[in-house]
Amino acid sequence: MAKIYIRFEIIGSGNLDYRNIVSARLVKDRYTPYSELRASVVLNNSINLNNIRRVALYIGSRRMHYGPADYIRTRVRGGKTVLELISRGITLMLGQNEPEPGVWSKVSLTDIMKSYSPSSEITYESGTDTVNYVNIKEKSTLWEAIGVYAVKAYGRRAYIRGDRQVNVSLSILSVNIGTQRLIEYGKQLDTRTMLSKIYMKNVDGEYGYSYSSGKTIPHGITREKYYGLDKQWLNNVDAGLKDRIEFAEREYLVEHITYEGYCGEDITDKIICKGYGVNGKRVSRMEITVNSKGMQTKLLCE
């Protein structure tokens, strides 16, 4: 099994690595603009908590997570000092900052990130399509603005790849996770967030736009919502309403699988696992856990 360790980037004085991990859980989701790491490590030296600039999780030479220390505390028990931490990825800042609202003309992902990225540490996919314009409403976050661009340019939302890269193109990689280390697998149905029909106001103040989903009908579910006029989608209302419906259905019916270790997959990679439901499907969520029993990876695939 690849060596796992947590690295603290210390302000002005290099890095500190900790390999004695009591437990760790890393979660990445296609529809969330950051990874989240929760971990406990045994300290073998003293550390000033306020000097920690960044927290990283490594599996072998691969950095899986990189972000600020959201919450850290130490506790001493039986002569042993344990540090507990929560860290959300640096790309969280995309959802915490607002770009200038208004109409942006002839923009690509590169244009958006060069103009508004809150940190040079956040990377992004280059060479993406240019759209004629996007209309960004007041109080939108940068992540929401990127989402409007991505839906207009590619018909899908952006996601975070690696530990800090904004992507809009789907991965071209396939990862073989094999079958010998499988712990469990199955299907998952989730109707909790689904919507049957949505309406949006038009420029006359009437709810003249609507979009329906047929997936709720077999389940006898009626959930209708009304939205005000959203100028972001005036030139293509169906695309905006369709995106809201599809986002509400994001985990309607997915395959899941859990196996020992980690094979290097990432969000939107295709999984190769012959004979199982995840085979040929794309990763939408990853949960990597580490404890005294070893390392496990759980995948949701759609």
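K.L.:
Residues and numbers for the sheet that holds strand β1 (residues 4-10), please.
P.N.:
Strand order in the open sheet formed by four strands is β2-β1-β5-β6, and the pairing between neighbours is antiparallel. This sheet does not close on itself; its edge strands, each paired only once, are β2 (15-18) and β6 (62-67). The average undirected angle you get between the axes of adjacent strands in this sheet is 25 degrees.

K.L.:
I'd like to hear about the sheet that holds strand β21 (residues 283-291), residue by residue, with values.
P.N.:
An order of β7-β8-β4-β3-β21-β22-β19-β15 is seen for the eight strands of this open sheet, with the pairing classed as antiparallel. Among the strands making up the open sheet, the edge pair consists of β7 (71-77) and β15 (182-189). Shown here is a sheet whose adjacent strand axes are inclined to one another by a mean of 10 degrees, direction ignored. Relative to strand β19 (residues 253-260), β15 runs antiparallel, the two sharing seven bridges. By the bridge assignment for β19, L189 is matched with L253.

K.L.:
Any details on the nonpolar core? Residues and values, ideally.
P.N.:
If you look at the biggest cluster of nonpolar residues, it comprises 39 residues, and the most contacted ones within it are I6, F8 and L85. Not counting chain neighbours up to four residues away, the residues in contact with I6 comprise L16, D17, Y18, I21, A39, V41, V55, A56, L57 and L85. Of all hydrophobic cores here, the second largest spans 28 residues; its members include Y5, W143, V148 and V168.

K.L.:
Any chance you could break down the environment of K106 for me, citing the residues and the numbers?
P.N.:
Here K106 lies in strand β9 (residues 102-107). K106 sits in the exposed class, given a relative accessible area of 56%. Through-space distance from the C-alpha of K106 to that of K270 is 32 Å; in sequence the pair is 164 residues apart. Residues in contact with K106, not counting those within four places in the same chain, are D111, T130, V131, N132 and Y133.

Definitions and cut-offs
- Residues numbered from 1 in each chain as written.
- Predicted model: local features only at pLDDT ≥ 70, side-chain atom pairs only at ≥ 80, totals over all residues.
- Heavy atoms only, no water.
- Pairing = 2+ DSSP bridges.
- Helix = DSSP H or I, 4+ residues; strand = E, 2+ residues; numbered from the N terminus.
- Axes fitted to C-alpha atoms, helices over the stretch in contact; angles between N-to-C directions.
- Core = buried A, V, L, I, M, F, W, Y, C linked by side-chain atoms within 4.5 Å.
- Buried < 20%, exposed > 50% of the residue type's maximum accessible area, 1.4 Å probe, protein only.
- Contact = heavy atoms within 4.5 Å.

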